Amino acid sequence: MYRVSIIYNRPTDPAAFDEYYSTKHLPLVEAVPGVVRLATGKCETFDGTTPAAYALAELFFDSKDDAGQALSSSAGKTAAGDLANFATGGVTMLFSNEDTVLP
């Protein structure tokens with residue numbers, strides 16, 4: 001498996017981020033070809049302090065080549081281009097293989 005992790009920093013308007021993300025951005029991501037699994041969630045801390053990031057998304061692909069093809073596809077470019085419409089806190093994207101998986 002190959003993973004693309006997207007880290008969303010705290011947006012200027014969290015409610016607007018949440019609404020846009022769920023109703024407009026996620027459908028764009030779901031249209032990206034080759035995505036085997038999509039996982040999203042908001043960041044938390046155990047002690048109740050403000051987390052370093054606001055939310056995470058992980059897209060899983062069968063291979064690095066599949067991820068590259070997906071992200072360079074028309075749907076992948078559309079989803080990436082949409083980030084500017086709602087991710088006002090900025091975004092970091094990380095790319096990694098998945099070497100070890102525990103049951």
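Residues numbered from 1 in each chain as written. Predicted model: local features only at pLDDT ≥ 70, side-chain atom pairs only at ≥ 80, totals over all residues. Heavy atoms only, no water.

The name given to the protein in an unreviewed UniProt entry is EthD family reductase, and the organism recorded there is Rhodococcus pseudokoreensis.

Another point: the overall build of the protein. Looking only at helices and strands, the protein has 3 helices and 4 strands in total. The secondary structure elements of the protein, listed N-terminal to C-terminal, are β-α-β-β-α-α-β. Once the C-alpha set of the protein is aligned to its principal axes, its extents read approximately 35 × 35 × 20 Å. Here the protein holds 103 residues, and the buried ones make up 29% of them. Sequence separation of 24 or more characterises 77% of the internal contacts of the protein that already satisfy a separation of 6 or more. Just so you have it, the protein exposes about 6,300 Å², and 54% of that area is on carbon and sulfur atoms. (Helix = DSSP H or I, 4+ residues; strand = E, 2+ residues; numbered from the N terminus. Buried < 20%, exposed > 50% of the residue type's maximum accessible area, 1.4 Å probe, protein only. Contact = heavy atoms within 4.5 Å. Areas by Shrake-Rupley, 256 points an atom, 1.4 Å probe, with all protein chains shown as cover.)

Looking now at the pattern of salt bridges. Applying the stated rule across the entire model yields 3 salt bridges. For Arg3, the salt bridge goes to Glu58, with nearest N and O atoms at 3.9 Å. With Arg3 in strand E1 (residues 2–8) and Glu58 in strand E3 (residues 55–61), the pair connects residues that are 55 residues apart, well separated along the chain. Between Asp18 and Lys42 there is a salt bridge, with the nearest N and O atoms lying 2.8 Å from each other. Residue Asp18 is located in helix H1 (residues 14–30), and its partner Lys42 is located in strand E2 (residues 37–42); the two are separated by 24 residues in the primary sequence. On the accessibility criterion, Asp18 (25% relative accessible area) is partly exposed. (Salt bridge = Lys/Arg side-chain N within 4 Å of Asp/Glu carboxyl O.)

For the rest of this paragraph, the subject is the UniProt feature "domain: EthD" (unreviewed entry) in the protein. Those places that UniProt annotates as "domain: EthD" (unreviewed entry) correspond, in this numbering, to residues 10–88. For residues 10–88, helix accounts for 44% and strand for 16%, while the C-alpha atoms at its two ends are 8 Å apart. (UniProt positions renumbered as here; feature names shortened; annotations may be inferred.)

Glancing now at the nonpolar core. The biggest cluster of nonpolar side chains holds 20 residues, and the ones touching the most others in it are Tyr8, Tyr21 and Phe86. Mapped onto this core, the elements with two or more residues apiece are E1, H1, E3 and helix H2 (64–72). (Core = buried A, V, L, I, M, F, W, Y, C linked by side-chain atoms within 4.5 Å.)

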